[in-house]
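# Breakdown of the fold
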Amino acid sequence: MASYLAKLLLYTVLVSTFSLLCRAQGGATHQQDGGTDYFRREHSLVKPYTGSGMDIPLWDFGGSTVVSNEYIRLTPDRQSKQGHLWNHVASNMRHWEVRVTFQIHGSGKNLYGDGIAFWYARDRMEFGDVFGSKDKFAGLGVFMDTYSNFDGDHAHLHPYVSAMVNNGSIAYDHDHDGTHGQVAGCSVSFRNADFESHISIAYYMGTLSVYTRVGQEHDWQSCFNIDGI
């Protein structure tokens, strides 16, 4: 099944790079330089971002998104703002890795936007209430959740990174921040970091792996590795 890669949706964020690598069978992990990963330009964003005029070749954007040569700002530091960025080239790769460099920041002390989501999904640019995209999606969503909607204590801290795999029939549980439908997750302190943060999302031989690197950290930190996806 052809999937579409990808959508980013967030409240208050700058995206510096977005790159997709095609992984050859038997390839190295994302932390190694084994020469078996192949950069896919048609699914990636590199500076300068704008083409002729204010368009980004092969990408659609809208909402509050602002594009410059140096960065893409999906939303300003204001309430109830949404921005989106979709790649419009279908992806048929069996094994892949996405790396995103980003910043999420704002002046709020207690109330924050919901966060940012990466989508590897069948349907593109269908908007809704799940980080700006439609509920009951078909595919993979990786959520970088900056605000707890749960009226109680979670078993984890926010910001929180989690993944949900959906066949189009499962509703996202807003009241519990999606924890009942997640395949895995981890807490990561990327909000208001002084320097850019990084996330790696990889799918290889049925295993979904997510790693993060926040601020000036030199080493990738494992968030989760889940088999059988």
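These lines cover the structure that appears in this document, whether it is placed above or below. (Residues numbered from 1 in each chain as written. Predicted model: local features only at pLDDT ≥ 70, side-chain atom pairs only at ≥ 80, totals over all residues. Heavy atoms only, no water.)

Counting its regular elements, the chain contains zero helices and 17 strands. Looking at the chain as a whole, 48% of its 229 residues are labelled buried. Pairs at least 24 residues apart make up 62% of the contacts formed inside the chain by residues separated by at least 6 positions. With an accessible surface of roughly 10,900 Å², the chain has 46% of that area assigned to carbon and sulfur atoms. (Helix = DSSP H or I, 4+ residues; strand = E, 2+ residues; numbered from the N terminus. Buried < 20%, exposed > 50% of the residue type's maximum accessible area, 1.4 Å probe, protein only. Contact = heavy atoms within 4.5 Å. Areas by Shrake-Rupley, 256 points an atom, 1.4 Å probe, with all protein chains shown as cover.)

Residue placement: Asn87 occurs in strand S7 (residues 83-87). Among the polar contacts made by the side chain of Asn87, one reaches the side chain of His43 at a distance of 2.6 Å. (Polar contact = N/O pair within 3.5 Å; in protein donor to acceptor, adjacent residues only side chain to side chain.)

Tallied over the entire structure, the rule returns one cavity of 30 Å³ or more. Reported here for the largest cavity is a volume of approximately 40 Å³. Lining the largest cavity we find Trp86, Trp119, Ala121, Asp123, Glu126, Ser133, Lys134 and Phe137. When grouped by side-chain class, the residues that make up the lining of the largest cavity number four nonpolar, one polar and three charged. (1 Å grid on protein atoms, 1.4 Å probe; cavity = no way out; pocket = protein on both sides within 12 Å on 5 of 7 lines; lining within 4 Å. Points joined across faces, edges and corners; volume = space filled by probe spheres on them. Nonpolar A, V, L, I, M, F, W, Y, C, P; charged D, E, K, R; others polar.)

Turning our attention to the pattern of salt bridges. For the structure on display, the rule yields seven salt bridges. For Glu42, the salt bridge is made with Arg40, and the minimal N-O distance between the two is 2.5 Å. Glu42 gets classed as partly exposed once you look at its relative accessible area, which sits at 23%. Note that Glu97 and Arg99 form a salt bridge whose closest N and O atoms lie 3.0 Å from each other. According to the relative accessible area criterion, Glu97 is buried, its value standing at 0%. Here the salt bridges share partners, and the residues they tie into one network are Arg122, Asp123, Glu126 and Lys134. (Salt bridge = Lys/Arg side-chain N within 4 Å of Asp/Glu carboxyl O.)

Taken together, the side chains of Val165, Val183 and Ile229 present a nonpolar region at the surface, about 170 Å² in accessible area. Take Val165: it is sitting in strand S13 (residues 160-167). With relative accessibility at 35%, the residue Val165 sits in the partly exposed group. (Patch = residues over 30% accessible without salt bridge, like charges linked within 9 Å, V, L, I, M, F, W, Y side chains within 5 Å.)

What follows is about the pairing of strand S6 (residues 72-75). Inspection of the sheet shows strand S5 (residues 66-67) paired to S6 by two bridges, in the antiparallel sense. The residue bridging Val66 from the neighbouring strand is Arg73, located in S6. Where S5 hands over to S6, the hairpin turn is made up of four residues, counted between the paired strands. (Pairing = 2+ DSSP bridges.)

With that settled, consider unusual backbone geometry. Along the chain, Lys47 connects to Pro48 via a cis peptide bond; the corresponding omega equals -10 degrees. Along the polypeptide, Pro48 turns up in the loop between strand S3 (37-39) and strand S4 (59-63). The peptide bond linking His158 to Pro159 adopts the cis configuration, its omega dihedral lying at 0 degrees. By the element assignment, Pro159 lies in the loop between strand S12 (138-145) and S13. Here Met125, not a glycine, exhibits a phi torsion of approximately 55 degrees, which is positive. Located in the positive-phi region is Lys136, a residue other than glycine, with phi close to 55 degrees. By the element assignment, Lys136 lies in the loop between strand S11 (127-130) and S12.

It is worth spelling out the state of the cysteines at this point. All told, the structure shown has one disulfide when counted by the stated rule. Covalent S-S linkage joins Cys186 and Cys223, the inter-sulfur distance amounting to 2.0 Å. Looking along the S-S bond of the Cys186-Cys223 disulfide, the torsion reads about -115 degrees, which is the left-handed sense. Here Cys186, found in strand S14 (residues 184-187), pairs with Cys223, found in strand S17 (residues 221-226); they are 37 residues apart in sequence, far enough to count as distant. (Disulfide = S-S within 2.5 Å.)

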